[in-house]
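# Close look at the chain arrangement
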Amino acid sequence: FQPKSLVGQHVLVSAGPTFEAIDPVRGITNLSSGKMGFAIARAAQEAGAEVTLVAGPVALATPRGVRRIDVVSALEMMQACVAEADQAHVFIATAAVADWRPDSAATQKIKKDGSGQTPTLGFVENPDILATLAQSPRGVSGDLFCVGFAAESHDLLAHATAKRARKKVPLLVGNIGPATFGQDDNALLLVDAQGAKEIPRNSKLALARLLIADIAARLASQSA
Ligand code: C5P
């Protein structure tokens, strides 16, 4: 049973990897499965929120009652999240957005010419969706409560604390390793201005429900 703690709230979730095209048949991506973001979207919907899920390329079913917007690249994800954020009260950024994209995607497939020469790729940095929304007027005022995620291989508390400050978000959630991509369970470290607390290892859906309950409590105390 989930208490309907988010009735009247609109929750925006980004999930999955992004795919950055090199040419029409090739690209760069990462191993994010999207499972945590989809579980969070489901848990928020169960808690009574109106939920919009902006998803990169993943092989997952849309949780019931959730509005899903499929995107491919970081720029598309940015555009969709910025457009949706105006109506949202909470933004939970779980997507593993590619840090860089090829500086120019070829319009035709790059061919081997038989000479043994290899192509050279140049990159440009993608925009930081979470930092952009956290530093937007509604993010700064707290009308859009922004939550970031961090996957680190070591020194999680130190990195999560630094990332929270850098992205200027009230809450940063660290994935307690080892590598959680594609797994069905995880443990979380919640880092806020007061310090850190752990949600012990559990299924991603159970963790998502606990995280949503925690966020709902933060919103309630904000408006109290
Ligand atoms: O900087 P890093 O990628 O480690 O930060 C992770 C957090 O920032 C996640 O919440 C992720 O969804 C978000 N992010 C983003 N846009 C980017 C890079 C990361 O929203 N371009």
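Residues numbered from 1 in each chain as written. Predicted model: local features only at pLDDT ≥ 70, side-chain atom pairs only at ≥ 80, totals over all residues.

### Let's talk about the nonpolar core
Val11, Ile40, Ala44, Phe91, Val147 and Ile212 are the most contacted members of the largest nonpolar core, which totals 56 residues. Sort the elements by how many residues they give to this core and helix 1 (residues 35-46) lands first, with seven residues. Those residues in contact with Phe91, other than ones at most four positions away along the chain, are Leu12, Ala85, Leu133, Leu144, Cys146 and Val147. (Core = buried A, V, L, I, M, F, W, Y, C linked by C-beta atoms within 7 Å. Buried ≥ 20, exposed ≤ 12 C-beta atoms within 10 Å, placed from the backbone. Helix = DSSP H or I, 4+ residues; strand = E, 2+ residues; numbered from the N terminus. Contact = placed C-beta atoms within 7 Å.)

### Some remarks on the UniProt feature "binding site: CTP" (unreviewed entry) in the chain
The UniProt record annotates "binding site: CTP" (unreviewed entry) at Asp99, Lys109, Pro127, Asp128, Ile129, Leu130, Phe149, Lys163 and Lys167. Spatially, the listed residues are scattered: they cover 69 residues, and their C-alpha atoms lie as much as 38.1 Å apart. Positionally, Asp99 belongs in the loop between strand 6 (90-93) and strand 7 (100-102). With 13 C-beta atoms counted inside 10 Å, the residue Asp99 sits in the partly exposed group. When neighbours within four sequence positions are excluded, Asp99 is seen to be in contact with Glu125 and Asn126. Here Phe149 shows up in strand 9 (residues 145-151). The class for Phe149 is buried, based on 23 C-beta atoms found within 10 Å. When neighbours within four sequence positions are excluded, Phe149 is seen to be in contact with Ala93, Thr94, Val173 and Asn175. (UniProt positions renumbered as here; feature names shortened; annotations may be inferred.)

### Looking at the site of the ligand
Surrounding the ligand, one finds 14 residues, the nearest of these being Ala93, Val97, Ile129, Leu130 and Gly148. Broken down by secondary-structure element, the contributors of at least two residues to the shell around the ligand are helix 3 (129-134) and strand 9. Counting residues per element, the shell around the ligand draws most heavily on strand 9, which supplies three residues. Looking at side-chain class alone, the shell around the ligand contains eight nonpolar, four polar and two charged residues. (Near = placed C-beta within 6 Å. Nonpolar A, V, L, I, M, F, W, Y, C, P; charged D, E, K, R; others polar.)

### Quick word on the pairing of strand 6
Alternating positions in strand 6 separate into two faces, Val90 and Ile92 on one and Phe91 and Ala93 on the other, with burial throughout. The pairing of strand 1 (residues 10-15) with strand 6 spans four bridges and is parallel. Bridge pairing in strand 6 places Val13 opposite Ile92. By the bridge criterion, four bridges tie strand 6 to strand 9 in an arrangement that is parallel. Within strand 9, the residue paired with Val90 across the bridge is Phe145. (Pairing = 2+ DSSP bridges.)

### Regarding the sheet that holds strand 1
Within the open sheet, the eight strands sit side by side as 5-4-1-6-9-10-11-12. Their pairing is mixed. Two strands in the sheet have a free side with no partner beyond their single neighbour: strand 5 (67-70) and strand 12 (195-203). Neighbour to neighbour, the strand axes of the sheet diverge by 20° on average, direction disregarded. Note: strand 11 (residues 185-192) against strand 12, seven bridges, orientation antiparallel. If you follow Asn186 over to strand 12, its bridge partner there is Asn202. Across the face of the sheet, helix 6 (residues 204-223) comes into contact with strand 6, strand 9, strand 10 (171-176), strand 11 and strand 12 while running at roughly 150° to strand 12. (Axes fitted to C-alpha atoms, helices over the stretch in contact; angles between N-to-C directions.)

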